[in-house]
Every structure is written in structure tokens, then in C-alpha cells.
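Listed here are the chains, written in short residue letters.
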Amino acid sequence: MSELSPGATLAPEFSPPDDTKARQRKAFLSRAGVVAVVLVVAIVVALLQSGSGLVVWQSVVTGILTGGLYGLIAMGLTLIFGVLDIVNFAHGALLAVAMFISFGMVAGTGMHPYLTLIVAVPALFLIGAAVHRGLLSGSAGKTLENQLLITLGLSLLLENLLLMFFGAEPKSISLPGDFQFSMLGAIVAGSRLYAFLGAILLGAVLFWLLRRTRLGTAIRAVAAHGPGAELVGINVKRIHTVTFAIGTACAGAAAALAGPLVTVTPTLGEQFNITAFVVVVLGGMGNVVGALVGGLLIGLVEQLTTIYLGGQSSLLGVFVVFVLVLFLRPQGLFGRRA
């Protein structure tokens, strides 16, 4: 299994020596300080570029709110990698499936978009468990290429099934009673704020699950050392299936929250998939907390890029950050070298 970063929620339960704790804390604060300085410089440059403090503040607020959703999506992806060592290219397609489940419930029954969480999350949990049991459990211990091809093939299959059943015409999910309000001059939509708060709340629930429950202890034990966990009576195969299902359910939750904010199409998951992988690399592979922080950072980068480049794709800035992290700190901001 991949080595997890200090402070990662999947780290094993042990108390490192005080000097090790001090070094880890110092390294964390140092990296956090560097990130803060870079963000301040980026915001100052954006202010000089736009000449309007209100425009920059609007971008910062929107970036943070969007970043919460990115963080929730990436938390599921990095959880799967941290425990199973699977790079799941089907994560975005599974998110699109959840979004069409949400759309179908709203269109067919008039259910409130956020209430579809009670359908989308369990449905994606079951789909994730079935995908792992039926497709991925047999590839455990085999070459990485096998897993990549399986998840990539599953992604293409799901996208084409969605195209077959729902067509390519864009669809929308309207939020009843949506509103807007001013936050120190920035205009914030209620739907965007609800999505952010929901993502942070669900991220906190996942953190609690991993740190404070027997299931979470078992997941972290398997992530730390699978054979050792099996020796003390943990059913490693079952934990792998449950972990993959939980990671997929995170995508389902994010889909239900993001539904009113986006145009629903069968290929929608591709963009979220790209962004989620960047977030995972930025935060540190296998680091659940790092994924949430990385999501907030990428949300800011995406919005500030629109100021720097005008009408250019906001993903360009995200890719620049991705390349820089790969070159300067390939283990991620909150990861450590293997």
C-alpha cells in the first residue's frame, strides 16, 4: 500500500516520538505558510490585473464555495487510492450517473434536489460495491495497467449508456426558492452556499467515520498494512469493497449538491474527474484532509485564472498548478516522500 502522509486521516493509530511530532508540525506549518504567501501574491496580482477589488473578492468567494464541492469529490477518490491503491478513472462517470439519478427524481416525482441525497448516496454506495466486487476485486495484486484499463473502460461504458437512455441534450435541475445575497459586496447564490456547506458537513462526517468508528479504524489499519490487518481478524476484502463504495458515495453526494449549479450532460463527469485528480495530487495521494484543502485551493485557482486570462479556459490555471506540483513536490503539499 502507498505510504500515507503525517496527519492524513488514513494514518495508523500510533504516537510518534515528541521530536518527530515537532518536525512534522514544523514541516506542516512551513508548507501552509508557503501556500498562504503564494495565494496572497496571486490575489494581489489579480487585483493589479483587474483594477477592481470587488471583482477579485467575487472570484475569491466563488472559488472557495466551488472548492468545497471539489474537495468532497476528491476525498472519495483519494480514499479509494489510499486504501486500495486504485486510480479510479470511472469516478467522474459515476458522479454523472448520480447526477442523472438526481435529475430523474426531481423530474419524475418533484422531489427537492437536495432531498435526492437520500436516494443518490445509497444508490452510488451499492453501485460502487458492485463495481468493486464484479470488476476490480479480481485485479487486486495485478499490474496497475489492468486497473487503469478497467476503470477507463467502465467510464466509457457508463457515459455511452447515459447517452443512450437520456440523449445528449443538456438538462438542468432547478432549485425551488433559490436566492442571492451580498457578502461584503460579492453576490452569492443560495444554491452555491448550500452546496458548499453540505460538502463541508459531509466531509466532516467522513472524517469522523474514519477517526472515531470501528469501521474507520479497520479502514486505516488496512491502509497501513493489509497483511497485518488480516492477521488480527479484519476481513480485508470486505473493507476494500466498503471503502470503494464509500468513495463512490462521496461522488453521489457531490452530484446531488452540485445538480442545481451545472448543466447535466452524460459527459459532465469528465471535467470533474480531471479537476478531482489535480486536487488529489495537490493534497497528497491518500490524504483525505489534504483533498479537502486542495479542493479549496483549486477552486480559487480556477476563478483567479479567469481574471488573468479573461475568456480563456479556467482549467488552464489548474493544469499549470498540476504541472508545478508534479515537478516541485510530486508527493503533494501534505504528503511525504515514500
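Our structure's up above, just so we're on the same page.
One numbering rule holds for all chains: residues counted from 1, following each sequence as written. Where totals are concerned, whole chains, interfaces and linings use all residues; where local detail is concerned, this predicted model gives features only for residues with pLDDT of at least 70, and gives and counts side-chain atom pairs only at 80 or more. Think of the side-chain values as coming from all heavy atoms in the structure, minus any hydrogens and water.

Trainee: I'd like a rundown of empty space enclosed by the protein, residues and numbers included.
Mentor: Put plainly, a pocket is an open set of points on a 1 Å grid over the protein atoms alone with protein on both sides within 12 Å along at least five of seven lines, a cavity is a set where a 1.4 Å probe fits but cannot get out, and a lining residue has an atom within 4 Å of a point. Grid points are joined across faces, edges and corners, and a volume is the space filled by probe spheres set on the points. Scanning the model with the defined rule gives 1 cavity of 30 Å³ or more in all. Runs of E in the DSSP output that reach at least two residues are strands. Runs of H or I that reach at least four are helices, and both are numbered from the N terminus. Of all elements in the fold, only α2 (53-84) and α10 (268-283) reach the threshold of two or more residues within the lining of the largest cavity. For the lining of the largest cavity, the element with the highest residue contribution is α2, accounting for 3 residues. Only Asp, Glu, Lys and Arg are considered charged in this grouping, and only Ala, Val, Leu, Ile, Met, Phe, Trp, Tyr, Cys and Pro are considered nonpolar; every other residue, Gly among them, is considered polar. Here the residues of the lining of the largest cavity are counted per class, giving 7 nonpolar, 2 polar and no charged.

Trainee: Which residues make up the pairing of strand β1 (residues 180-183), and what values go with them?
Mentor: DSSP bridges decide pairing: two strands pair if at least two such bridges lie between them. Where β1 lies against strand β2 (residues 186-189), 4 bridges are found, and the strand directions are antiparallel. Residue Gln 180 lies in a different strand from β2, and its bridge partner there is Ala 189. The turn joining β1 and β2, which pair antiparallel and follow one another in sequence, is formed by 2 residues; a positive phi near 55° is taken by Leu 184.

Trainee: So, unusual backbone geometry: which residues are in play, and what are the values?
Mentor: In this model, Asp 85 sits at a positive phi of 60°, which is unusual for a non-glycine residue. When you line up the elements, Asp 85 lands in the loop between α2 and α3 (91-109). If you check the backbone angles, Leu 184 has positive phi at about 55° while not being a glycine. By the secondary structure assignment, Leu 184 is in the loop between β1 and β2. Residue exposure (1.4 Å probe, protein chains only): buried if accessible area is under 20% of the type maximum, exposed if over 50%, otherwise partly exposed. Using a relative accessible area of 74% as the deciding quantity, one classes Leu 184 as exposed.

Trainee: Pulling in residues and values, what's your account of a nonpolar patch on the surface?
Mentor: A contiguous nonpolar surface patch, about 700 Å² in accessible area, is contributed by Leu 309, Leu 316, Val 320, Val 323, Leu 324, Phe 327 and Leu 328. Take the nonpolar patch: its biggest share by element is 6 residues, from helix α12 (residues 315-328). One can find Leu 324 in helix α12. By relative accessible area, which is 46% here, Leu 324 ends up partly exposed. Exposure above 30% relative accessible area and the lack of any salt bridge qualify a residue for a patch; like charges then connect within 9 Å, and the nonpolar side chains Val, Leu, Ile, Met, Phe, Trp and Tyr within 5 Å. The Shrake-Rupley method, run with a 1.4 Å probe, gives the accessible areas here. Residue values count only the displayed protein chains as cover. One side-chain nitrogen of Lys or Arg within 4 Å of one carboxyl oxygen of Asp or Glu is enough to make a salt bridge.

Trainee: Tell me about the packing of α3 against helix α4 (residues 117-136), and name the residues and values.
Mentor: It is at 10 Å that the axes of α3 and α4 come closest, and there the two elements cross at 140°. With respect to the hand of their crossing, α3 and α4 are arranged in right-handed fashion. On α4, the residues touching Leu 94, Val 97, Ala 98, Ile 101 and Met 105 of α3 are Val 119, Ala 120, Ala 123, Leu 124 and Ile 127. Looking at the contact of α3 with α4, its residues break down into 10 nonpolar, no polar and no charged. In this analysis an axis means a line fitted to C-alpha atoms, helices contributing only their contacting stretch, and an angle means the value between N-to-C directions, from 0 to 180 degrees. Should the near helix be turned counterclockwise from the far one by less than a right angle, the crossing is left-handed, whereas a clockwise turn marks it as right-handed. Residues are treated as being in contact if the distance between any of their heavy atoms lies within 4.5 Å.

Trainee: Tell me what's going on with helix α6 (residues 190-212), and back it up with residues and numbers.
Mentor: To estimate the expected span of a helix, subtract one from its residue number and multiply by 1.5 Å. The end-to-end C-alpha distance of α6 is 32 Å, a good match for the 33 Å that 23 residues give at a rise of 1.5 Å each. Restricting attention to buried positions, one finds in α6 the residues Gly 190, Ser 191, Leu 193, Ala 195, Phe 196, Gly 198, Ala 199, Gly 203, Leu 206, Leu 209 and Leu 210. Against the buried residues of α6 lie α2, β1, β2, α7 (214-224), α9 (236-258) and α11 (288-309).

Trainee: Requested: an account of the environment of Ala 32, with residues and values cited.
Mentor: Looking at the secondary structure, you find Ala 32 in helix α1 (residues 18-50). In this structure Ala 32 comes out as partly exposed when scored by relative accessible area, which is 31%.

Trainee: Could you give an account of the environment of Ala 74, naming the residues involved and the relevant values?
Mentor: Along the chain, Ala 74 falls in helix α2. For the pair formed by Ala 74 and Gly 295, sequence separation is 221 residues and the distance between their alpha carbons is 7.3 Å.

Trainee: Break down the nonpolar core for me, with residues and values.
Mentor: Counting residues in hydrophobic clusters, the biggest one holds 78 residues, and the most contacted among them are Leu 79, Leu 95, Leu 206 and Ile 298. The leading source of residues in this core is α2, at 12 residues. Formed by 7 residues, the second largest nonpolar core is a distinct cluster that contains Ala 42, Ala 46, Leu 300 and Leu 304. The set of buried Ala, Val, Leu, Ile, Met, Phe, Trp, Tyr and Cys residues whose side-chain atoms join them within 4.5 Å is what this entry labels a nonpolar core.

Trainee: Which residues make up α9, and what values go with them?
Mentor: The end-to-end C-alpha distance of α9 is 33 Å, a good match for the 33 Å that 23 residues give at a rise of 1.5 Å each. For α9, a buried count of 20 out of 23 residues is recorded, marking the element as mostly surrounded by other parts of the structure. Two or three places before Lys 237, at the opening of α9, Asn 235 has a side-chain oxygen 3.4 Å from that residue's backbone nitrogen. Distance and chemistry together define a polar contact, namely a pair of N or O atoms within 3.5 Å, with one atom able to donate a hydrogen and the other to accept it when in protein, and with adjacent residues in sequence counting only for side-chain atoms on both sides.

Trainee: Could you give me a rundown of the packing of aromatic side chains, with the residues and numbers involved?
Mentor: Aromatic pairing here means that ring centres of Phe, Tyr or Trp (its six-membered ring) are within 6.5 Å. Orientation follows from the plane angle: under 30 degrees is stacked, over 60 is edge-to-face, and everything else is tilted. Per the counting criterion, the structure on display carries 7 aromatic pairs. With 6.5 Å between their ring centres and 80° between their planes, Phe 100 and Phe 103 make a pair best called edge-to-face. Residue Phe 100 and its partner Phe 103 are located together in helix α3, separated by 3 residues, close to a single helical turn. Grouping residues by exposure puts Phe 100 and Phe 103 together as buried.

Everything listed is a geometric property; what it means functionally is a separate question.
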